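Descriptive analysis of the structure
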Amino acid sequence: GLGLPFTKVSGLLKRLYGVEVPRSTLPSLVQRVGEWLKRARDELLEVVKAAPVKHADETSWPVSGKNGWAWAFATQEVAVFLMEPTRSAKVPQAVLGKDVGSVLVVDEYPGYLSLPHERQTCWAHLLREAEIAAALKPVPSAIALRQRLKQIFGEAEIVSQARETLTARQLEREVDRIDRMLI
């Protein structure tokens, strides 16, 4: 959350809502709410597991002065955020399971390599790598790759923004057109 100590949370509850909750009560209250939400979290994780395309990402997230990891698992419909003490590949393995019939969109973190899913590199990471390659070695092929990826990404963004106004057939044609740009 906001990283507020329970003393401040207690004060805010009193000042904003007129509710007196002793600081000593808050840790057990947070734990109980977490237990109440566990079923909803598990149901959302099942939606993620069943999706044909899913995304995963992780970032460091200090908790109480110790390094922890915030993990995100998402589909077009839902997003689930988990706090874990580790960045180990065991986290996405436990969350995503062994479904080999889906696509997993991720960065190049090696922890995702052991998953049996078909992998797709996240566009933002792919573009960043192309930018770095072109900057480190500005040879024509690296510059051309960077420009081509930017062009394809731009076309995909236009189609994505127009998605609601396109018929199913028009959208299919646009997706096919962009797919051909990748070849």
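**Considering the pattern of salt bridges**
Pairing is possible between side chains of opposite charge, provided their charged atoms come close. As enumerated under the stated definition, the model contains 10 salt bridges in all. One salt bridge in this structure joins E58 and R87, with 2.8 Å as the shortest N-O distance. Of the two residues, E58 is situated in strand β1 (residues 53–63) and R87 in the loop between β3 (79–84) and α3 (90–96); the sequence distance between them amounts to 29 residues. Exposure remark for E58: the relative accessible area of 7% places this residue in the buried category. Residues R177 and E174 are paired through a salt bridge, measuring 2.7 Å at the closest nitrogen-oxygen approach. Linking R177 with E174, this pair stays in helix α6 (residues 168–181), spanning 3 residues, or about one helical turn.

**Some remarks on the side chain of D107**
Position of D107 relative to the elements: it lies in the loop between β4 (103–106) and β5 (118–121). A distance of 3.0 Å separates a polar atom in the side chain of D107 from the backbone nitrogen of Y109. Excluding residues that lie within four positions of it along the chain, D107 makes contacts with D57, E58, Y112, R119, C122 and H125.

What counts, and at which threshold
Per-chain numbering applies: the sequence of each chain, read as written, is numbered from 1 onward. In keeping with the model being predicted, local features are shown solely for residues with a pLDDT of at least 70 and side-chain atom pairs are shown and tallied solely at 80 or more, while totals for entire chains, interfaces and linings include all residues. With hydrogens and water set aside, each side-chain value is computed from the structure's full complement of heavy atoms. Criterion for a salt bridge: a side-chain nitrogen of Lys or Arg within 4 Å of a carboxyl oxygen of Asp or Glu. Helix numbering and strand numbering both begin at the N terminus, where a helix is a DSSP run of H or I of at least 4 residues and a strand a DSSP run of E of at least 2. Only protein chains enter the accessibility calculation, which uses a 1.4 Å probe; a residue is then buried when its area is under 20% of its type maximum, exposed when over 50%, and partly exposed in between. We define a polar contact as two N or O atoms separated by no more than 3.5 Å, with the added condition that, inside protein, one atom must be a possible hydrogen donor and the other a possible acceptor, whereas residues neighbouring each other in sequence contribute only through side-chain atom pairs. By the convention used here, residues are in contact when the closest approach between their heavy atoms is within 4.5 Å.

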